[in-house]
Amino acid sequence: QVQLVESGGGSVQAGGSLRLSCAVSGRTFSSYAMGWFRQAPGKEREFVASISRGGTTIYGDSVKGRFTIPRDNAKNTVYLQMNSLKPEDTAVYYCASRPTGWVSRSQYEYDYWGQGTQVTVSS
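Residues numbered from 1 in each chain as written. Predicted model: local features only at pLDDT ≥ 70, side-chain atom pairs only at ≥ 80, totals over all residues. Heavy atoms only, no water.

Draft legend 1. Region of interest: the pairing of strand β9 (residues 77-82). Counting buried positions along β9 gives five out of six residues, so the element sits mostly inside the fold. Two strands pair when backbone bridges link them, and strand β3 (residues 18-25) and β9 are joined in this way by six bridges, in the antiparallel orientation. What sits directly across from Arg19, in β9, is Gln81. Direction of pairing for strand β7 (residues 67-68) relative to β9: antiparallel, over a ladder of two bridges. Bridging from a neighbouring strand, Thr68 pairs with Gln81 of β9. As paired elements, strand β8 (residues 71-72) and β9 share two bridges and run antiparallel to each other. Bridging across to β9, Asp72 finds its partner in Thr77. (Buried < 20%, exposed > 50% of the residue type's maximum accessible area, 1.4 Å probe, protein only. Helix = DSSP H or I, 4+ residues; strand = E, 2+ residues; numbered from the N terminus. Pairing = 2+ DSSP bridges.)

Draft legend 2. Inspection of the packing of aromatic side chains at higher detail. Here the structure, examined in full by the defined rule, presents four aromatic pairs. Their ring planes at 70° and their centres at 5.6 Å tell us that Phe37 and Phe47 sit as a pair that is edge-to-face. Taken together, the positions of Phe37 in strand β4 (residues 34-39) and Phe47 in strand β5 (residues 46-51) put the pair ten residues apart, joining distant regions of the chain. Summarising the burial analysis for this pair, Phe37 and Phe47 share the class buried. Summarising the aromatic geometry, the rings of Phe37 and Tyr110 are spaced 5.2 Å apart at their centres and angled 80° between planes, so their arrangement reads as edge-to-face. Here Phe37 is found in strand β4, whereas its partner Tyr110 is found in the loop between β10 (91-97) and β11 (112-113), with 73 residues between them in sequence. In terms of burial, Phe37 and Tyr110 fall into one category: buried. One aromatic cluster in this structure is built from Phe37, Phe47, Tyr110 and Trp113. Above the plane of the ring of Tyr32 lies Arg27, whose end atom (NZ or CZ) is 4.4 Å from the centre. (Phe/Tyr/Trp six-rings, centres within 6.5 Å; stacked < 30°, edge-to-face > 60°. Lys NZ or Arg CZ within 6 Å of the ring centre and 35° of its normal.)

Draft legend 3. The pattern of salt bridges, seen in detail. Within the structure shown, the criterion is met by six salt bridges. For Arg38, the salt bridge goes to Asp89, with nearest N and O atoms at 2.9 Å. One end of the pair, Arg38, is in strand β4; the other, Asp89, is in the loop between β9 and β10, and 51 residues separate them in sequence. As a salt-bridge pair, Lys64 and Asp61 come within 3.3 Å of each other at their nearest N and O atoms. For the residue pair Lys64 and Asp61, the accessibility class agrees, reading exposed in each case. One connected set of salt bridges, linked through shared partners, spans Arg38, Glu46, Arg66 and Asp89. (Salt bridge = Lys/Arg side-chain N within 4 Å of Asp/Glu carboxyl O.)

This is the structure we're talking about:
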């Protein structure tokens, strides 16, 4: 049984930083790509970042240059380092696992999801 467990969400002021973690079990973590998505109230789920099994990364336009998505295969964990946070980054953040090793921006190409963690950025 594959499980993804996020942690690290919380409240922060604009300009601050947060690091989200996503621990994966039940799957050979190093073989698969991972992604982060977010969903704000009343909005559709939005792509944030993805990392391939080899470390290639892609980012959504709204977070490029501010967020990074490192992974630690020894710990079966992917992170989302969020810097220079803005109020519009407020959302529930989800990590997801792909059934292949390459990156994707499409939520429909991920087969397992975490429960989500709330990030709130105040101005």
